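Breakdown of the fold
Letter by letter, the chains look like this.
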Amino acid sequence: MTDAPPVIFLCDATPEIGLGHVSRCVALAEAFQEQGKRSLFHGKLEAGAADLIQQAGFAYEAIDSTLGECDRPALVRALVAHQPCALVVDSYAVDSHDVSILGTAGVPVVVIDDFARLDRYDCTAVLNFGVAATQLPYRGSAKRWLLGLEYLLVRRALRTARQKRVPAKGALRHVLVCIGGSDRQNLTLRVARMLRASNYEGALHVVVGASYEDLDGLRRVLREGDRVDVQLPSLAAAMCDADLCICGGGLTKYEAAYLGLPCAVVSQNEDQATETVQFAADGLAFDLGLGESVSDEELVERLEHVFRDEVGRRRVREAGLRAFPNDPTANAATALATLL
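Residues numbered from 1 in each chain as written. Predicted model: local features only at pLDDT ≥ 70, side-chain atom pairs only at ≥ 80, totals over all residues. Heavy atoms only, no water.

Across residues other than glycine, the phi torsion is negative in most instances, and most of the peptide bonds are trans. Of note in this structure, A47 is not a glycine but carries a positive phi near 55 degrees. Locating A47 in the fold gives a position in the loop between β2 (39-43) and α2 (49-55). Phi angles above zero are rare outside glycine, and Q231 is one such case at about 55 degrees. (Helix = DSSP H or I, 4+ residues; strand = E, 2+ residues; numbered from the N terminus.)

This part covers the sheet that holds strand β13 (residues 286-290). The strand order β10-β9-β8-β11-β12-β13 describes an open sheet built from six strands, whose pairing is parallel. In this open sheet, the two edge strands, each paired with only one partner strand, are β10 (227-230) and β13. On average, each strand axis in the sheet is inclined to that of its neighbour by 15 degrees, with strand direction left out of account. Across four bridges, strand β8 (residues 174-178) lies against strand β9 (residues 203-208) in parallel orientation. The residue bridging H174 from the neighbouring strand is A203, located in β9. (Pairing = 2+ DSSP bridges. Axes fitted to C-alpha atoms, helices over the stretch in contact; angles between N-to-C directions.)

Let's shift gears to the nonpolar core. In this structure, F9, V22, L28 and F41 are the most contacted members of the largest nonpolar core, which totals 65 residues. Here the element with the most residues in this core is helix α1 (residues 20-34); it accounts for eight residues. Ignoring sequence-local partners within four residues, the contact set of F9 consists of C25, L28, A29, F32, S39, L40, F41, H42 and V88. (Core = buried A, V, L, I, M, F, W, Y, C linked by side-chain atoms within 4.5 Å. Buried < 20%, exposed > 50% of the residue type's maximum accessible area, 1.4 Å probe, protein only. Contact = heavy atoms within 4.5 Å.)

Another point: the packing of α1 against helix α13 (residues 328-337). α13 packs onto α1 with a crossing angle of 65 degrees between their chain directions and a minimal axis gap of 9 Å. Relative to α13, α1 is oriented roughly perpendicular. The interaxial crossing formed by α1 with α13 has right-handed handedness. Together, A27, L28, A31 and F32 of α1 and T329, A330, A332, A333 and L336 of α13 make up the contact between the two elements. Taken together, the residues that form the contact of α1 with α13 break down as eight nonpolar, one polar and no charged. (Parallel < 35°, antiparallel > 145°, perpendicular 65-115°, else oblique. Left-handed = near helix turned anticlockwise from the far one by under 90°. Nonpolar A, V, L, I, M, F, W, Y, C, P; charged D, E, K, R; others polar.)

The next subject is the pairing of β13. Where burial is concerned, most of β13 is hidden: four out of the five residues are buried. Sheet topology places strand β12 (residues 263-267) next to β13; four bridges connect them, and they run parallel. Looking across to β13, one finds that V265 is bridged to D287. Assessed by its sense of winding, the connection that carries the chain from β12 through helix α10 (residues 270-281) to β13 is right-handed. (Right-handed = clockwise from strand over helix to strand, strands pointing away.)

What follows is about the side chain of E30. The topology assignment puts E30 in helix α1. Engagement of the side chain of E30 in a polar contact is seen with the side chain of R155, the distance being 3.0 Å. Setting aside its immediate chain neighbours within four residues, E30 contacts A56, F58, R155, R156 and R159. (Polar contact = N/O pair within 3.5 Å; in protein donor to acceptor, adjacent residues only side chain to side chain.)

Our next topic: helix α11 (residues 296-308). With 13 residues, α11 should cover 18 Å at 1.5 Å per step; its first-to-last C-alpha distance of 18 Å lies within 8% of that length. Taken residue by residue, α11 has L299, L303 and V306 as its buried positions. Angular distribution of buried residues about the axis of α11 spans 55 degrees; they occupy a single face of the element. Exposed residues pointing more than 90 degrees away from the buried face of α11 are listed as E297, E301 and R308. (Expected span 1.5 Å × (residues − 1). Arc of directions from axis to C-beta.)

One pass over the full model with this rule turns up 16 salt bridges. The partner of E34 in a salt bridge is R159, and the shortest N-O contact between them spans 3.0 Å. Of this pair, E34 sits in helix α1 while R159 sits in helix α5 (residues 156-162); the two residues are 125 residues apart in sequence, bridging distant segments of the chain. Put simply, E34, R156, R159 and D327 are held in one network by salt bridges that share partners. (Salt bridge = Lys/Arg side-chain N within 4 Å of Asp/Glu carboxyl O.)

Below you can see the structure in the form of structure tokens.
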């Protein structure tokens, strides 16, 4: 595999962007690795992204600018020098014209997408595992459209954990708070403070990204027996230990639902909030609202409802296990392998 032409992943991670794009690309790279394919990551890799990629065992090339800021022809020349077998693009900064330019590298181009923002998708394949992916108005000449939950990209450790996790019954004893790799609104502290001012007596496990700036404030509101971790290589173990996950509206809600871990979602932006409404309507999570809009009183009331609703939590868990196949990441890698 060492001498095989690589799949090159183009993605960025910064304190503003977060780690979601890189994390799901690492998940796909792991599935490609199981097929004997080599991967190389290329992009602006801050906020702990380089460590995440390295810990997963993949090579990377970090650049000083995001994909939206770099010289496209120079980027193509740099990529072609590696003689890749495919390019996988996962960035909100890339537009239809950029996808066409990347196509001049002469290899298949796969776009990982969320919201069908581009005018056209003239590439080899489009992958969108979002809950509403099949309802989006996609246009373009892509040869393959991989749309829906059956193509969810989750890390290898989580795929393994799904087979082993034993769901908790009864009262909540262990709550995981993981808003995301980027938390510019400091929703982590807000949620933790509310939980520690409530009647909840169980343990809190709080996970934050490498760019989180208020660790001292967070530690002050926690109790003895609570735990804070910064930049875990994987959330699999933390999720397996938890009875409930309170998370942001990005990739983590999908990971929790896939694992059968009930989750309550406080969204960080409008796109997340819109998607989470559909996610909750499909029974896959509790929707706590948009962080910047929901008041403290509303957030407390919604959290207390989740804590009281044991039957609802069981239904959310069961809905997640039904909605996703056992190995959706392998589904995606296998479907793409026929095109690469």
